[in-house]
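Understanding the architecture of this molecule
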Amino acid sequence: MKLFNSYIKKTEKGDVRDLIFIKNGFSFNAFFFNLFWFLYHKMLGGLLLVLIIDIILIKIYGIYKASALDIFLAFISTSLIIAANANYWHSRYLRSKGYQFIGCVFGENKESAKLRFVEGYIEKYDDKTVKKYKFLDKEDREFLKKIRKKASEENPKATANV
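This part takes up helix H3 (residues 44-64). Helix length check: H3 (21 residues) gives 30 Å between terminal C-alpha atoms against 30 Å at 1.5 Å per residue, within 8%. Considered for burial, the residues of H3 that qualify are Gly46, Leu47, Val50, Asp54 and Leu57. Take H3 and look down its axis: the buried residues cluster within an arc of 105°, on one side only. In this structure, H3 carries Leu44, Gly45, Leu48, Leu49, Ile55, Lys59, Ile63 and Tyr64 as exposed residues pointing more than 90 degrees from its buried face. Count one or two residues on from H3 and you reach lysine 65, which has phi positive near 50°.

The following block contains the structure:
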């Protein structure tokens, strides 16, 4: 199981506009494709910083006649640092864009973490409330209806108040 941080963005009325889950820990995508990772997440400041570091490393190679192994190790070190911090930087970026941290969720992948979150969320709110939220697609709503029905069959008193 992996641990995911969940971030939510609400509209001015308080309705949920977006829900994002970020895995804690090392990001292999950021390690192998760090420039594209920053571009994909629209983190242009990080993209520029990585480009500047890469240019500096290339200039050092030219000026000091460093061996290719030295430059390769420098690029690997840079990629390790980026990959170790990428998800943290992504969460800080989301908070700067108005997202709020709402908790941590365990899951095998992002989809299972999303469903676990919504399962817990559904226990507190009724179906009308859940239908408003755009982060739930049709399959998720059907899945949640099945969970709700099963829960009400197993314990009618627990779901009567929901």
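Let's pick the thread back up.
This part is about the pairing of strand S2 (residues 16-23). As judged from the 7 bridges shared by strand S1 (residues 2-10) and S2, these two strands associate in the antiparallel manner. Bridge pairing in S2 places serine 6 opposite phenylalanine 21.

Pairing is antiparallel in the open sheet, where 3 strands are placed in the order S2-S1-S3. Edge positions in the sheet fall to S2 and strand S3 (100-107), since each of these pairs with one other strand and no more. Strand-to-strand twist of the sheet, defined as the mean angle between neighbouring strand axes without regard to direction, takes the value 25°. The pairing of S1 with S3 spans 7 bridges and is classified as antiparallel. Bridged to serine 6 within S3 is glycine 103.

Our next topic: the confidence of the model for the chain. Of all residues in the chain, 75% attain a pLDDT of 70 or more, and the chain-wide mean is 81. Mean pLDDT across the elements of the chain bottoms out in helix H8 (residues 156-160) (46) and peaks in helix H1 (residues 28-32) (95). Here residues 157-162 is a poorly scored stretch, pLDDT under 50, and it has 8 contacts once near neighbours within four places are set aside; other chains count.

On the secondary structure map, aspartate 54 appears in helix H3. Although aspartate 54 is buried, it forms no salt bridge, and the closest oppositely charged side chain is lysine 59 at an N-O distance of 14 Å. Every residue in contact with aspartate 54, bar those within four places of it in the chain, is listed here: Leu35 and Phe75.

Let us now look at the side chain of asparagine 5. Along the chain, the position of asparagine 5 falls in strand S1. Classification of asparagine 5 by relative accessible area gives buried; the value is 14%. At a separation of 2.8 Å, a polar atom in the side chain of asparagine 5 contacts the side chain of asparagine 24.

Moving on, we get to the packing of aromatic side chains. Considering all chains together, one arrives at 8 aromatic pairs under this definition. A ring pair is formed by phenylalanine 31 and phenylalanine 32, whose centres lie 4.9 Å apart and whose planes are at 85°; its orientation type is edge-to-face. With a relative accessible area of 16%, phenylalanine 31 lands in the buried category. Members of the aromatic cluster, connected to one another through ring pairs, are Phe26, Phe28, Phe31, Phe32 and Phe33.

Conventions we followed
- Residues numbered from 1 in each chain as written.
- Predicted model: local features only at pLDDT ≥ 70, side-chain atom pairs only at ≥ 80, totals over all residues.
- Heavy atoms only, no water.
- Helix = DSSP H or I, 4+ residues; strand = E, 2+ residues; numbered from the N terminus.
- Expected span 1.5 Å × (residues − 1).
- Buried < 20%, exposed > 50% of the residue type's maximum accessible area, 1.4 Å probe, protein only.
- Arc of directions from axis to C-beta.
- Pairing = 2+ DSSP bridges.
- Axes fitted to C-alpha atoms, helices over the stretch in contact; angles between N-to-C directions.
- pLDDT = per-residue confidence, 0-100.
- Contact = heavy atoms within 4.5 Å.
- Lys, Arg positive; Asp, Glu negative; His and termini not counted.
- Salt bridge = Lys/Arg side-chain N within 4 Å of Asp/Glu carboxyl O.
- Polar contact = N/O pair within 3.5 Å; in protein donor to acceptor, adjacent residues only side chain to side chain.
- Phe/Tyr/Trp six-rings, centres within 6.5 Å; stacked < 30°, edge-to-face > 60°.

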